[in-house]
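Each chain is listed here by its residues.
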Amino acid sequence: MTQATHSSPTEPNPNDRISSLTDRRNVLKVVGVVAGAGALAACSSPPVPAATPDTSVGASSTPAGSSSSAAATTEAGSGGGAAGGQPTSEIPVGGGKIFADTKTVVTQPTAGTFKAFDAVCPHQGCTVGSVDGGQIVCPCHQSHFDIATGDRVSGPAQTGLTAKTITVSGDSFTVS
């Protein structure tokens, strides 16, 4: 007599189970779910905060964190027409200050001469980050602009910064 060594019809063969789990359709389903979950996670991630500089740099600049500078910025806004405007003393001769909240940069190329420009770099829309050595500098791709004219000095930007209207009245200024 011989004994039968085959599996019963109700017991699946382990090799059949493995091949059914790894068939092409199931593998593609798993890959699709994993890719979809990754895309969903990437879309739902919180945005990375951008740096919003509010800096003063120049020959006679005051520290950006000084109490008089902070109080003036809080009380008068950014020179956009608030009562009394911004104090001209906040803008160093040969330097300038960036007002990130209104995307404006105000410079004082020579004593008593004030200029205002749009702080958005025409290259790719970054906000300029500093005023240094008589130039306004964009931190994204290092475009440099003249503090007196806003003209492009160097970098990938093809044009200069857009001028804004600045009005000086006594010891304060407003930008419109």
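The coordinates are above.
Figured I'd write up the structure that's included with this text. (Residues numbered from 1 in each chain as written. Predicted model: local features only at pLDDT ≥ 70, side-chain atom pairs only at ≥ 80, totals over all residues. Heavy atoms only, no water.)

Things to note about the pairing of strand S4 (residues 104-110)
Taken residue by residue, a regular strand's side chains alternate between the two faces of the sheet.
Move 1: Most of S4 sits inside the fold, with six of its seven residues counted as buried.
Move 2: Here strand S3 (residues 95-99) pairs with S4 via five bridges, running antiparallel. Counted as the bridge partner of Gly95 is Gln108 from S4.
Move 3: Counting the residues between successive antiparallel strands, the hairpin from S3 to S4 contains four residues, one of them, Lys103, with a positive phi of roughly 50°. (Buried < 20%, exposed > 50% of the residue type's maximum accessible area, 1.4 Å probe, protein only. Helix = DSSP H or I, 4+ residues; strand = E, 2+ residues; numbered from the N terminus. Pairing = 2+ DSSP bridges.)

Considering the nonpolar core
Move 1: Counting residues in hydrophobic clusters, the biggest one holds 14 residues, and the most contacted among them are Val105, Val128, Val131, Ile136, Phe145 and Leu161.
Move 2: Counting residues in hydrophobic clusters, the runner-up holds eight residues, among them Ile91, Phe99, Phe114 and Ala116. (Core = buried A, V, L, I, M, F, W, Y, C linked by side-chain atoms within 4.5 Å.)

A few points about the packing of aromatic side chains
Move 1: Per the counting criterion, the structure on display carries two aromatic pairs.
Move 2: Both rings, one in Phe99 and one in Phe173, keep their centres 6.3 Å apart while their planes meet at 65°; by these two values the pair is edge-to-face. Separated by 74 residues along the polypeptide, Phe99 in strand S3 and Phe173 in strand S12 (residues 172-175) bring together distant segments of the chain. Side by side, Phe99 and Phe173 carry an identical accessibility label, which is buried.
Move 3: Seen from their ring centres, Phe114 and Phe173 are 6.4 Å apart, and the 20° between their planes marks the pair as stacked. Taken together, the positions of Phe114 in strand S5 (residues 113-118) and Phe173 in strand S12 put the pair 59 residues apart, joining distant regions of the chain. (Phe/Tyr/Trp six-rings, centres within 6.5 Å; stacked < 30°, edge-to-face > 60°.)

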